[in-house]
Amino acid sequence: MEVRRRVATRGVRGNGEIERLRGSGPNRIVSGHSLWNDPTMNYSQPVRWTAAIAGVALHTAISAGYVRAQAMPDAPFDSAYFAWEAGDYPRALATLDRLLSGGAAARYRTPAALLTGELYETTEVARDGRAVRWSGDGMYAAYEAGTGAATMTYIVRVGSGPVREVAVIKGRAVLVSNGAAYIDGNDIVVRDLGSGTEQRLTGLQATLLIVSPDGVLHYTAGSAGNVQLYRMEGTRGVALTAGDGAKTSVSWLADGTLVYSVNAESFGLLRAGAMPSSATIIEGSAVTVSADRSTFAYLARNGTAYRIVVARADGAPVFEVSTPYALAAPRLSADGRRVVYQAMPREDWELYVAEQGAAAASTPGRLTHDIQHNLMPQFIDDARILSAAGEGRHRRSYIYDAATGARSRLFHNNTIRTVAPEYEWAVSPDGKRILIVAERDGDTVSPERGVYLVDLTREVAASTVLSRVRTMRAAELDLRTRGRAMYAPIMAAVNAAVADISKDRIYAYASDLFAFDSKYISQPGNAKAIEYLAAKLRSWGYEPELQYFEAAGRNGAPAVRTANVIARLRGTMDQDATYVVSSHFDSVLAGAGADDNTSGTSALLEAARVLAKRPQARTIEFAFFTGEEAGLLGSREYVRRALADKKNIIGALNNDMVGFANDQRMDNTIRYSNVGIRDVQHGAALGFTKLITYDAKYYKNTDAHAYYDAYGDIVGGIGSYPILANPHYHQSHDVLETINQQLVAEVSKATVATLMLLTASPSRPSGVAAERAGNGMRVSWNAAPESDVRSYRIEWGAPGAPARGSLRVQGGAATSASLVGVRAGDEIRVAAVNARGMVAWDWARVVAK
């Protein structure tokens, strides 16, 4: 069977015809794009393939309009939708405002809600939590917080009315009928949630607690390789399993048959009341049971074929799916008639649905046609499926119609720019509510992750969506206004610089670097890349420094000699004030790493070439790091030397994985610790590139982490969006044809524009302090390192609110001021201002006491 689909992409994949649609707007054109108003850039092409596999023909349940699943056939809404897709958020939001303010608000509420954020009402259950789970009746939910011995389980009532906490238990607890149970040493403790009284069951040596559907407490006990399941009867445990192997993933069928995994390679079926030794052991994995407990499913292999077998309690097969594709994560519908699962027809996981009945089972429907992984599917009810898209550090949840494939977003933070990674999902037993663990504030650095309750029975009102739209528009207009203002003094110079950036040159660098194959520190390609980078930099007039060092070999291998490559563009005014911009050039052992991180390296090379003939007021160091994939070795070495040399690094950018095209949008994420640099980069993208930028507070386990540890909150940069959604990440198929070189060029432009603004402006003042002085407040700071600073601006007021008072202090050498009217709890902000009137790219802040 031949299947034809249309794939939205930002690059040429195959020999399809490219259709390019470019929007236009009222803003004047600068360097081939509109100023602070990105045009649309859509690429699409047809793709053909044959999908007959092992007698199983695939068909798609997705229409040609799959990518526009949230749009509706309506000209006014289409106008907003396509403006949104183009990154022209002010125009999109203005249109939505008109639609939601008129008489047809009810018509536009749902599509407008899904386009801008959430459709369903969402409640924050906790600021920090994980391991979310429900009680069997759906009246209670539990989550954990803390680590190790400090782990606590919090139980909340969510059945009706406001969510309220009813118990806090030390350790990990499970929910039983009207209560909770937890392990304390060698004992099991059962607490009544109504009275708070506890019963201690001693000497059971339990390792894990499990609750059956009828609310009976079970537990596992034993040593590794011989873990058995027990049922609590009164105060003693009765063994339900026997034989070698760790018994895990326990569930029950409707007739009481026990289903359990054995060492993740096989599973057992044990009839209710039967002797443990009479269990039937079946070779298979990932066993799962339907909500009505009539049916179970599991993965198996038959030679080269992967199989999903769906069977009844007696083990009799109902139907099965067979394919040469790798399979994973089967999940059954509530009635057991459908199974959804992951399959990998190429490099990424896609979702498929098969249904009971010969015809349906022989032609499973393909539910997704995404470029990134679609993972962890589960039925909410018989008609809807919940699944996640992306990579572990940034997944997003979607709900699919199991029959049509229509997709809608489930969770968001209702902002335009800040991404909200999700990590866990738990569906209530009745399928009406979902608990989600996520970083709704976009802060991936702090250890806290919020717990949120999404109510699928309550959609947001049109008035709520209208308020959201207006809040978004105000924030977006403010961001763009501030971007225009900060870049105004240097706009002509930035335009000239970014116009010199060449996509073709960038591709040439990428092709050269990719030809070295793996650039992991132990591979020949690493040394070849060092030589190549140094030669390129010399050709542009730099005198590159090769920072050689020895990296310890792994698993007894000998030490490896490798090097960072550093090019220094000395400042014309303040050479000791240094900004560093970096990318790692090494790759994983498995391959050459076209996206990770040849893309960032080629973008950095082009930035170095363009700025070589445009020295800035402060020094810029272009750092090509080695050994990132071996544990941030190069960045740590660079920072070690910088500290030893007492180098004054006042700002840093790090670009990593910037070329993968997730869809037709020219988008990427600003990964930052410093909010000032974040907004400078948004301004750079809006004013001088085709990029649509998002942001996440994100630097851990990247080269940016080394800067933060040594120099504090000075970090920005650009990385993949959605964060690490590239299915080729750390794989041998991270190859050049998966990279959009225009996207890499836009990142290079944003990097150049950001560096030019940072080096032209004062940096954030250091050493800011405030203390009471009589009836006033004395604020002090260190003099700015920039020689062109002429004054300081001081503002104060409630944190996050507009300033209630302000003061201008003249003189670049000034280091203190006296303030009147400052209240306890006020935030005091200090920024330097230079001779051109440019304000520091970030304010120093201190809270008055």
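Remember, predicted model here, so these are calculated numbers, not experimental data. (Residues numbered from 1 in each chain as written. Predicted model: local features only at pLDDT ≥ 70, side-chain atom pairs only at ≥ 80, totals over all residues. Heavy atoms only, no water.)

S.K.: Report on helix α5 (residues 462-487), specifying residues and quantitative values.
M.R.: Under the 1.5 Å per step criterion, the end-to-end length of α5 is 38 Å for 26 residues, consistent within 8% with the ideal 38 Å. Those residues of α5 that are buried are in contact with α1 (75-85), α2 (89-101), α3 (105-116), α6 (491-499), α11 (675-688) and α13 (741-760). (Helix = DSSP H or I, 4+ residues; strand = E, 2+ residues; numbered from the N terminus. Expected span 1.5 Å × (residues − 1). Contact = heavy atoms within 4.5 Å.)

S.K.: Mind laying out the confidence of the model for the chain, listing which residues take part and the relevant values?
M.R.: Across the chain, pLDDT averages 89, with 91% of residues at or above 70. In the predicted structure, residues 1-71 sits below a pLDDT of 50 and forms 187 contacts with residues beyond four places in sequence or in another chain. (pLDDT = per-residue confidence, 0-100.)

S.K.: So what's going on with helix α10 (residues 633-644)? Which residues, and what values?
M.R.: Taking 1.5 Å of rise per residue, 12 residues should cover 16 Å, and α10 covers 17 Å from first to last C-alpha, within 8% of that figure. Taken as a whole, α10 has its buried residues at Gly634, Ser635, Glu637, Tyr638, Val639 and Ala642. Looking at the buried positions of α10, the neighbouring elements they touch are β41 (545-551), β42 (560-569), β43 (574-584), β44 (618-625), β45 (648-654) and α12 (703-711). Following α10 by one or two positions, Lys646 has its phi on the positive side, about 55°. (Buried < 20%, exposed > 50% of the residue type's maximum accessible area, 1.4 Å probe, protein only.)

S.K.: Can you lay out unusual backbone geometry for me, pointing to particular residues and giving the numbers?
M.R.: Omega for the bond connecting Asp596 with Asn597 falls within 30 degrees of zero, at 5°, which places this linkage in the cis form. By the element assignment, Asn597 lies in helix α9 (residues 594-612). Located in the positive-phi region is Asn263, a residue other than glycine, with phi close to 55°. Secondary-structure assignment places Asn263 in the loop between β23 (258-262) and β24 (266-270). What makes Asn263 partly exposed here is its relative accessible area of 40%. The backbone phi angle of Ala264 is positive, close to 60°, even though this residue is not glycine.

S.K.: Run through the nonpolar core, naming residues and quoting values.
M.R.: Side chains of nonpolar character tend, in soluble globular proteins, to be buried together. Ranked by internal contacts, the top residues of the largest apolar core, which has 68 residues, are Tyr487, Phe622 and Phe624. Counting residues per element, this core draws most heavily on α13, which supplies 12 residues. Core analysis: the next-biggest nonpolar cluster, separate from the first, contains 48 residues, Leu386, Ala388, Trp425 and Val469 among them. (Core = buried A, V, L, I, M, F, W, Y, C linked by side-chain atoms within 4.5 Å.)

S.K.: Lay out the side chain of Asp703 in plain terms, naming residues and giving numbers.
M.R.: Examined against the element boundaries, Asp703 turns out to sit in helix α12. Buried and unpaired, Asp703 has no salt bridge, with Arg636 as the nearest side chain of opposite charge at 7.3 Å. A polar atom in the side chain of Asp703 sits 2.7 Å from the side chain of Ser635. Here Asp703 is in contact with His584, Phe625, Glu628, Leu632, Ser635 and Asn654, once residues within four sequence places are set aside. (Lys, Arg positive; Asp, Glu negative; His and termini not counted. Salt bridge = Lys/Arg side-chain N within 4 Å of Asp/Glu carboxyl O. Polar contact = N/O pair within 3.5 Å; in protein donor to acceptor, adjacent residues only side chain to side chain.)

S.K.: Got a sec to walk through the sheet that holds strand β28 (residues 305-312)? Specific residues and values, please.
M.R.: With antiparallel pairing, 4 strands are arranged side by side in an open sheet as β26-β27-β28-β29. Each edge of the sheet is formed by a strand with only one pairing partner; in this case those strands are β26 (285-289) and β29 (317-323). Direction aside, the axes of adjacent strands within the sheet are offset by 20° on average. Relative to strand β27 (residues 295-302), β26 is paired through 3 bridges, and the arrangement is antiparallel. Across the sheet, residue Thr288 finds its bridge partner in β27, namely Ala297. (Pairing = 2+ DSSP bridges. Axes fitted to C-alpha atoms, helices over the stretch in contact; angles between N-to-C directions.)

S.K.: Kindly report on the pairing of strand β18 (residues 208-211), identifying the contributing residues and their values.
M.R.: Relative to strand β19 (residues 217-223), β18 runs antiparallel, the two sharing 4 bridges. Opposite Leu209, over in β19, you have Tyr219 as the bridge partner. Hairpin connection of β18 to β19: 5 residues between the antiparallel strands, including Gly215 at a positive phi of 85°.

S.K.: So what's going on with the packing of α2 against α5? Residues and values would help.
M.R.: In a pair of packed helices, the angle between the axes and the distance between the axes together describe the arrangement. α5 packs onto α2 with a crossing angle of 155° between their chain directions and a minimal axis gap of 9 Å. Considering their axes alone, α2 and α5 lie roughly antiparallel with respect to each other. You can see that α2 and α5 cross each other, and the crossing is left-handed. Residues Tyr89, Pro90, Leu93, Ala94, Leu96, Asp97, Leu100 and Ser101 of α2 pack against Val465, Leu466, Val469, Arg470, Met472, Arg473, Glu476, Leu477 and Arg480 of α5. For the contact of α2 with α5, a count of residues per class yields 11 nonpolar, 1 polar and 5 charged. (Parallel < 35°, antiparallel > 145°, perpendicular 65-115°, else oblique. Left-handed = near helix turned anticlockwise from the far one by under 90°. Nonpolar A, V, L, I, M, F, W, Y, C, P; charged D, E, K, R; others polar.)

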